[in-house]
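Okay, here's what each chain looks like letter by letter:
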Amino acid sequence: MGGTGVIGEMAETAQATGADGAALAALHRVFGYEAFRGEQQAVVDHVIAGGDAVVLMPTGGGKSLCYQIPSLVRPGTGIVVSPLIALMQDQVDALRALGVRAGFMNSTQDFEERRVVEAEFLAGELDLLYLAPERLRLEGTLDLLSRGKISLFAIDEAHCVSQWGHDFRPDYLALSLLGERWPDVPRLALTATATHATHREITERLNMPTARHFVASFDRPNIQYRIVPKTDPKKQLLSFLREEHPGDAGIVYCLSRNSVEKTATFLSRNGVEAVPYHAGLDAGTRAAHQSRFLREEGLVVVATIAFGMGIDKPDVRFVAHLDLPKSVEGYYQETGRAGRDGLPSTAWMAYGLNDVIQQRKLIQSGEGDEAFRRRAQSHLDAMLALCETAQCRRGQLLAYFGQEPDPAGCGNCDTCLTPPQTWDGTVAAQKVLSTVVRLKRERGQKFGAGQIIDILLGKRTAKVIQFDHDQLSVFGIGEELTEGEWRGVARQLLAQGLLAVEGEYGTLVLTEASGEVLRREREVPLRKEPEKPASARAAGGGRSDRKQKAAVAELPQELLPAFEALRAWRAEQAREQGVPAYVIFHDATLREIATAWPTSIGQLGGISGVGEKKLATYGEGVLAVLAGLEGPAAVSAPVSEPAPGRPSVGSVSDSGADDWPEVEPEPDDWT
Ligand code: ADP
Ligand code: ZN
C-alpha cells in the first residue's frame, strides 16, 4: 500500500461505552466468542456510533462480525450487499442457526418467498438482509428499503468496485448512491484486497470521503506458501496431495476450462475425489459441485478463477495453482481461501517457463488499451518477482501490501525452509541472448524457447536441421546445463525483463536491458533450480513445524476418538438439516469440546463458538455423544471449567459465489 495517507488513525476509537457493552454481549450470547479480534472492536464501535468505515482484512480475518454485531445492536435491519447469490442461502442458514433473524432476496426465490422477506423487513423483524448489487439498484428495491428501517449498509467484497481489479462488477458503481439517499445510515466497505490503489478506488467510487479506515495485518501465519518449478504439473500435484493432503478438502486453480476438466479427471482416476468448476459448465452443475464442496468433507474442486469468491468453508486445507495467477492480488485472494479456521494449510503452486510466455503473450494479444496493458504487465511483473524471489515469500507478499515483514523471515514458506541457492548466471544469460540475436539475424525471429534450448544443447532435431541451426556458432555451446536448467534460465530472464515475448508464437526477443548483459555491463544472479523442491512437511520438522505447532496445538492422540465421534454426530445433523457441517459447529469448536470434555450445559456454553442458540439446539446432543464415550479420566488434558477465551472459530459467513463468469478472456487450452 505504500504510504498510508488515507488509512490514518485507526487506533483509538473513543466511542459510546454503552454500545460497547451491548456489542460484547452480542458477541458472547449469539456467537459464543469470548473477545473481539484485532480491529473488530474498533470497527464495531465506530459503526455503532454511526460512522462510515472502510475495512481491509485478509480472508478469515473476521470481517463478517464487523457488520453483523452492529446490525444486532443498532435499531433496524443491516443491509448486506454481497456479489454472489448462490451462497446467500448458506449464509442466512448459518446466521439462523445462531438465532439471528436473517433473510435474503435474490433471483433464486419465487415471488412468494420474496414477499415473505419483504414483509419481515417492513415489520422490523430482520436483523440482516442480504442483497446482490444488481437487485439493490432497482428502483423497486430502493423504494422498499426506504419504507423500512435500516441500521447500516455493509458492502462486502468492496474491491468489486475496482475497474482494474480481477473481480470488477459494474453494478457496484451504483452503490455510491446509498450515501446520497441515506446520509444518516452508516456504511461499511469490506474487502480482503489490500493494495493501496484498490483501497483508494473503493473510497472514491463508493463515495466515502469521511470514512474511517481500518487496516488489519494481512499475514496469514497458518498458510505455508510454496512455489515449485513446473515439470509435470499433474503428477506433481498428485504427489503433493498424496504426501501432504490425503483426504483433505482443497481447491486447485487452472487457467483454462480444458485444463480444469483434464485435471479433475486425472485426479479422479488416481483416487482423489475431484469435481470441475468453470464458467463453461451449466449453472446447475456448477451449483451442484459448489454445494458438494461445501457439504462434503475432503472433496477437491478443480476450478478456474470463476470459483471461490465468498466460499467461506473454514476447513479448506490447501489451495494449489497449476498455472501462474495474473497478479499478486489474485494469488493472495485465492490462496487466502485456505485455512480460514486458523489450522495449518498449504498454498502450493507449480510454475514454469511456459507460464511466463503464455501470460506475456496474453497481455499483448489481449484486449484493452495501452494503459490497460501496462497495468497488466506490472501486475504480472510483481507476480513473477514473487515466484523468483530468493527471499521469504511471506515477506514479499506483506511488503507488496505495504506491511512490515519480519526481517528474520517467516519460517513457514519454501524459501525460509530451504533457502534457495543462487549462482552467477551472467554467462548462461549471454548464451541465451546471443542465440536469440543469431536467430533474429538469420530467420526473422520466429522461434520460441524450445528451439533456443535445443540449439544450446546441440540437439539435431528436425526443426534444427530444417533451419540449419546446427550451423550457428552457438550450436552446442550450452552442454554444461540440462534442459530443465536452461528452461529455468530463460524463465528467469523473462521474469527479470532481460528477455521479452512477441507475437502469437511466443517468440523470444531482446529488451533494452539485454544489451547491458551482452556487453557485460550487468551481472545476472539466478536462482538455482532445486533438484527436489522443498516439501516442508517432509523437510523433517524445520523451524516452521515448531512455529506452527505453537500456533495450532495438535489434538492429542487420545482425544481423537472423541473428536471423531463429534464429527460423525455433526455430519448426521448436517445431513438432516441439509446444511454444511460447519454451520453446526466448526472443527475448531469440536476440538475444543473434545479437549474440555464438558459434562454440563453450563460448561459447554463456555466453549468458544457455542452461543445461546446453539447451546439450546445442540447442547444435549453433544453431551450425549461425550457421555457415550470413555470418559475424560483416560485423558491427560486438564479438565477444568470450560475453556473460554481461547481463540477459536465459529461459523459466520461473508459473501457468496455463484454465477461468476471467468473475468478474463479464457483460452481454451495452453500447449
Ligand atoms: P472474513 O469474512 O474476514 O474472511 P470471517 O468473518 O468469515 O472472515 O471470519 C473467519 C472465521 O473467524 C470465522 O469462522 C469466524 O467465525 C471466526 N471469528 C471471527 N471473529 C472471531 C472472534 N472474535 N472470535 C472467535 N472467532 C472469530
Ligand atoms: Zn518465509
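Right above here is the structure, for reference.
Here is a short report on the structure shown in this document. What you see is a predicted model, and the numbers here were worked out from it, not measured in a lab. (Residues numbered from 1 in each chain as written. Chains lettered and ligands numbered in written order. Predicted model: local features only at pLDDT ≥ 70, side-chain atom pairs only at ≥ 80, totals over all residues. Heavy atoms only, no water.)

Some remarks on the coordination of the zinc ion (ligand 2)
Bound to the zinc ion (ligand 2) are the protein donor atoms C392 (SG), C410 (SG), C413 (SG) and C416 (SG), situated 2.3 to 2.4 Å from the metal. Coordination at the zinc ion (ligand 2) is tetrahedral: its four donor atoms span angles of 103 to 119° at the metal. If you list the donors of the zinc ion (ligand 2) from N- to C-terminus, the spacing comes out as C-x17-C-x2-C-x2-C. Here the two residues C410 and C413 agree in accessibility, since each one is buried. (Donors = N, O, S within 2.8 Å, 3.2 Å for Na, K, Ca; no water. Tetrahedral: all angles 85-135°; square planar, octahedral: opposite > 155°, others 65-115°. Buried < 20%, exposed > 50% of the residue type's maximum accessible area, 1.4 Å probe, protein only.)

Quick notes on the pairing of strand 3 (residues 102-105)
Taking every second residue as pointing to the same face, both faces of strand 3 are buried, with A102 and F104 on one and G103 and M105 on the other. With respect to chirality, the unit in which strand 3 leads through helix 5 (residues 111-122) into the neighbouring parallel strand 4 (residues 128-131) is right-handed. (Helix = DSSP H or I, 4+ residues; strand = E, 2+ residues; numbered from the N terminus. Right-handed = clockwise from strand over helix to strand, strands pointing away.)

Re the sheet that holds strand 4
Either a parallel or an antiparallel arrangement is found when strands of a sheet pair, and the pairing is made through backbone hydrogen bonds. Reading across from one edge, 3-4-2-5-6-1-7 is the order of the seven strands in this open sheet, with parallel pairing throughout. Edge positions in the sheet fall to strand 3 and strand 7 (212-215), since each of these pairs with one other strand and no more. Adjacent strand axes in the sheet meet at a mean angle of 20° when their direction is disregarded. Strand direction decides the pairing type here: strand 3 and strand 4, joined by four bridges, are parallel. (Pairing = 2+ DSSP bridges. Axes fitted to C-alpha atoms, helices over the stretch in contact; angles between N-to-C directions.)

Digging into unusual backbone geometry
The backbone of N207 sits at a positive phi, close to 55°, despite the residue not being glycine. In this fold, N207 is placed in the loop between helix 9 (196-205) and strand 7. Residue classification places N207 among the partly exposed residues on the basis of a relative accessible area of 35%.

Quick word on the sheet that holds strand 12 (residues 318-321)
Strand order across the open sheet formed by six strands is 8-13-12-9-11-10, with parallel pairing between neighbours. Of all strands in the sheet, those with a lone pairing partner are strand 8 (223-229) and strand 10 (274-277), marking the two edges. Taking each pair of neighbouring strands and ignoring which way they run, the sheet shows an average axis angle of 15°. Relative to strand 13 (residues 345-351), strand 8 is paired through seven bridges, and the arrangement is parallel. Along strand 13, the bridge assignment pairs I223 with S345.

Honestly, that's just the spatial picture; any functional story needs more than this.
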